Amino acid sequence: MKSLSKIIKHFTPELAREETKKAFNWREYVQGPIDEYVGKAVKEARYKVCVEFRKPSEFEYDEALEHIKSAVKELGWDYELSDRSSLGFLYLVICWGE
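Remember, it's a predicted structure, so these values are computed and weren't measured experimentally.

A. Highlighting unusual backbone geometry. Not every positive phi belongs to a glycine, and Ala 45 is a case in point at roughly 60°. The class for Ala 45 is exposed, based on a relative accessible area of 62%.

In structure tokens form, the structure reads like this:
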């Protein structure tokens, strides 16, 4: 596989932003908050917990939420949308009951 710098001959700021967004590792991004919140919930014998994710500044709210939902699903979690809202944060209720 060729490295990105060998494929793209002339970077522009726009192209660099676009490629940086593509390289963002959403699975890794969501794993930390999931570990933190789920770890606390299982100690309290709960089967769901509202997880708070800080919105990466380079993404719009709706775009970030879609990426987070996809990553959570890829990691095998069920989720529900949360009615919580806060500037700069996104929330999903992560579920693991049967």
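Now, onward.
B. Examining the side chain of Glu 19 more closely. Note that Glu 19 resides in helix 2 (residues 13-23). At a separation of 3.3 Å, a polar atom in the side chain of Glu 19 contacts the side chain of Lys 22.

C. Spatial organisation of the pattern of salt bridges. Applying the stated criterion across every chain yields a total of ten salt bridges. Between Glu 18 and Lys 22 there is a salt bridge whose closest N-O contact spans 3.7 Å. Of this pair, Glu 18 and Lys 22 both sit in helix 2, four residues apart, which is roughly one turn of that helix. Judged by relative accessible area, which is 56%, Lys 22 ranks as exposed.

D. Molecular detail of the nonpolar core. Counting 18 residues, the largest nonpolar core has Val 30, Ile 34, Phe 53, Ile 68, Val 72, Leu 92 and Ile 94 as its most contacted members. In this structure Phe 53 touches Tyr 29, Val 30, Pro 33, Ile 34, Ile 68, Val 72, Gly 88, Phe 89, Leu 90 and Leu 92, once residues within four positions along its chain are discounted.

E. Seen up close, the sheet that holds strand 3 (residues 89-95). Sheet architecture is open: three strands sit in the order 1-3-2, paired in antiparallel fashion. Only two strands of the sheet have a single neighbouring strand rather than two, namely strand 1 (48-54) and strand 2 (78-81). Here the average twist between neighbouring strands, direction ignored, is 35°. Of the strand pairs in this sheet, strand 1 and strand 3 are connected by seven bridges, and their pairing is antiparallel. Each bridged residue has a counterpart across the sheet, and for Val 51 the counterpart in strand 3 is Leu 92. Strand contacts of helix 3 (residues 26-43): strand 1 and strand 3, with the helix running at about 145° to strand 1, the strand carrying the most contacts.

F. Focus on the environment of Ser 57. Locating Ser 57 in the fold gives a position in the loop between strand 1 and helix 4 (61-74). With relative accessibility at 69%, the residue Ser 57 sits in the exposed group. Along the primary structure Ser 57 and Gly 88 are separated by 31 residues, whereas in three dimensions their C-alpha atoms are 8.1 Å apart. For Ser 57, the side chain forms a polar contact with the side chain of Glu 58, separated by 3.4 Å.

G. Representation of the packing of aromatic side chains in the model. Overall, the coordinates contain six aromatic pairs when judged by the stated rule. Consider the rings of Trp 26 and Tyr 29, whose centres lie 5.3 Å apart with planes at 80°: the pair is edge-to-face. Taken as a pair, Trp 26 and Tyr 29 lie in helix 3 at a separation of three residues, close to a single helical turn. On the basis of relative accessible area, Trp 26 is assigned to the buried category, the value being 9%. On the accessibility criterion, Tyr 29 (21% relative accessible area) is partly exposed. Centroid distance Trp 77 to Trp 96: 5.9 Å. Interplanar angle 80°. Geometry classified as edge-to-face. Residue Trp 77 is located in the loop between helix 4 and strand 2, and its partner Trp 96 is located in the segment after strand 3; the two are separated by 19 residues in the primary sequence.

What counts and how
Per-chain numbering applies: the sequence of each chain, read as written, is numbered from 1 onward. For this predicted model, a pLDDT threshold of at least 70 governs which residues receive local features, and a threshold of 80 or more governs which side-chain atom pairs are given and counted, while totals over whole chains, interfaces and linings are taken from all residues. Where side-chain values are given, they derive from all heavy atoms of the structure, hydrogens and water being excluded. Three exposure classes are used, based on accessible area relative to the maximum for each residue type with a 1.4 Å probe and protein chains only: buried under 20%, partly exposed in between, and exposed over 50%. Helix and strand definitions here come from DSSP, where helices need a minimum of 4 consecutive H or I residues and strands a minimum of 2 consecutive E residues; each element is numbered from the N-terminal end. Identification of polar contacts relies on pairs of N or O atoms within 3.5 Å, with a donor-acceptor requirement for protein atoms, meaning one able to donate a hydrogen and the other able to accept it, and with residues adjacent in sequence counted only if both atoms are side-chain atoms. Salt bridge criterion: a side-chain nitrogen from Lys or Arg within 4 Å of a carboxyl oxygen from Asp or Glu. Definition of nonpolar core: a set of buried residues of the types Ala, Val, Leu, Ile, Met, Phe, Trp, Tyr and Cys, connected through side-chain atoms within 4.5 Å. By definition in these notes, contact holds between two residues if any of their heavy atoms fall within 4.5 Å. We call two strands paired when DSSP finds no fewer than two bridges between them. Between N-to-C directions, angles cover 0 to 180 degrees, with each direction set by a line fitted to C-alpha atoms, over the stretch in contact for helices. Side-chain rings of Phe, Tyr and Trp (the six-membered ring for Trp) are treated as a pair once their centres are within 6.5 Å; stacked means planes under 30 degrees apart, edge-to-face means over 60, and tilted covers the remaining angles.

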